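Here are the chains, one letter per residue:
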Amino acid sequence: MNATAKLQIGNFVLGAILLLLAILVVEETFSLSAPTQQATIGPAFFPLLIAVGLAVNAAALFWQALRGKVPEEQWLKHDIPPVLIVLAGLIVQMALLTTAGWIVATTLLFATVAWAFGSRRVVLDLLIGFVLSAASFYIFNEVLGLSLPEGWILDT
């Protein structure tokens, strides 16, 4: 198999992963309960915007894979394992969000993404993820008046 054929397969696989992720984001977004407060832009706007971006990128990758014009010198090799690790981290975060809460789920997601990008300082990544997720939780819940899932850490 030549390099161009491998890149076509890589584009197709990555496009399929992005499309699957877009579908999961849309499904999870529509499963959220409707907010009780009135807002110009509801909580579904940004996740749906991200899902559209993922779907557009997936379509572009499919188009390139089907056209067969992927010059090897212009494209980096697809590195599928980190993409799969990030995808797994997102799925775990979505699964843990309602039970463990925003802080725990997002801390684990941050550490997983850092690991996928090559970091091997797990404790530091967990600490940084905790600080960032706790700060975003505070900003959303206390400053903006929106509510992120508390989970079992803050459940009283």
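It should be emphasised that the depicted structure is a prediction, and the values quoted were computed from it without experimental measurement. (Residues numbered from 1 in each chain as written. Predicted model: local features only at pLDDT ≥ 70, side-chain atom pairs only at ≥ 80, totals over all residues. Heavy atoms only, no water.)

A. Highlighting the nonpolar core. In terms of nonpolar packing, the biggest core is built from 11 residues, these being Leu14, Ile17, Leu18, Leu21, Ala22, Val25, Ala51, Leu54, Ala58, Leu61 and Leu87. Those elements giving two or more residues to this core turn out to be helix H1 (3-30) and helix H2 (45-67). When residues in this core are grouped by element, the largest group, six residues, is from H1. With sequence-adjacent residues up to four places away left out, alanine 58 is seen in contact with Gly15, Leu18 and Leu19. In this structure, Leu97, Ile103, Ala105 and Phe137 belong to the second largest nonpolar core, which totals six residues. (Core = buried A, V, L, I, M, F, W, Y, C linked by side-chain atoms within 4.5 Å. Buried < 20%, exposed > 50% of the residue type's maximum accessible area, 1.4 Å probe, protein only. Helix = DSSP H or I, 4+ residues; strand = E, 2+ residues; numbered from the N terminus. Contact = heavy atoms within 4.5 Å.)

B. Broad picture of the packing of aromatic side chains. In the structure shown here, the tally under the stated rule is one aromatic pair. Residues phenylalanine 12 and phenylalanine 62 carry aromatic rings whose centres are separated by 5.0 Å and whose planes lie at 50° to one another, so their mutual orientation is tilted. In this pair, phenylalanine 12 is assigned in helix H1 and phenylalanine 62 in helix H2, connecting sequence segments 50 residues apart. (Phe/Tyr/Trp six-rings, centres within 6.5 Å; stacked < 30°, edge-to-face > 60°.)

C. Region of interest: the environment of arginine 121. Take arginine 121: it is sitting in the loop between helix H4 (102-116) and helix H5 (122-143). You can call arginine 121 exposed: its relative accessible area is 54%. Separated by 10 residues in the primary sequence, arginine 121 and alanine 111 place their C-alpha atoms 8.9 Å from one another.

D. Layout of the side chain of aspartate 125. Relative to the assigned elements, aspartate 125 resides in helix H5. Despite its burial, aspartate 125 pairs with no opposite charge, the nearest such side chain being arginine 121 at 4.9 Å. In this structure aspartate 125 touches Phe110, Ala111, Ala114 and Ser119, once residues within four positions along its chain are discounted. (Lys, Arg positive; Asp, Glu negative; His and termini not counted. Salt bridge = Lys/Arg side-chain N within 4 Å of Asp/Glu carboxyl O.)

E. Spotlight on the confidence of the model for the protein. When pLDDT is averaged across the protein, the result is 83; 80% of the residues are at 70 or more. Within the protein, H4 carries the highest mean pLDDT (94), whereas helix H6 (residues 151-154) carries the lowest (70). (pLDDT = per-residue confidence, 0-100.)

F. Inspection of the UniProt feature "transmembrane region" (unreviewed entry) in the protein at higher detail. Within the UniProt annotation, "transmembrane region" (unreviewed entry) is assigned to residues 12-32, 44-63, 83-110 and 122-140. Helix and strand shares over residues 12-32 are 90% and 0% respectively, and the end C-alpha atoms of the span are 31 Å apart. With 96% helix and 0% strand, residues 83-110 has end C-alpha atoms that lie 14 Å from one another. (UniProt positions renumbered as here; feature names shortened; annotations may be inferred.)

G. Structural detail: the packing of helix H3 (residues 80-100) against H4. Close contact between H3 and H4 brings their axes to 8 Å; oriented N to C, the two are set at 175°. By the angle between their directions, the pair H3 and H4 is classed as roughly antiparallel. From H3, Pro82, Ile85, Val86, Gly89, Leu90, Gln93, Leu96, Leu97 and Ala100 reach across to H4, where they touch Trp102, Val104, Ala105, Thr106, Leu108, Leu109, Thr112, Val113, Trp115 and Ala116. In the contact of H3 with H4, the residues fall into 15 nonpolar, four polar and no charged. (Axes fitted to C-alpha atoms, helices over the stretch in contact; angles between N-to-C directions. Parallel < 35°, antiparallel > 145°, perpendicular 65-115°, else oblique. Nonpolar A, V, L, I, M, F, W, Y, C, P; charged D, E, K, R; others polar.)

H. Region of the structure containing the packing of H4 against H5. Where H4 meets H5, the closest approach of the two axes is 8 Å, and the angle between their N-to-C directions is 140°. As the angle between them shows, H4 and H5 are arranged oblique. Between H4 and H5 lies a crossing of right-handed hand. On H5, the residues that touch Trp102, Ile103, Thr106, Thr107, Leu108, Phe110, Ala111 and Ala114 of H4 are Asp125, Leu126, Ile128, Gly129, Phe130, Leu132, Ser133, Ala134, Ser136 and Phe137. Along the lines of polarity and charge, the residues of the contact of H4 with H5 split into 12 nonpolar, five polar and one charged. (Left-handed = near helix turned anticlockwise from the far one by under 90°.)

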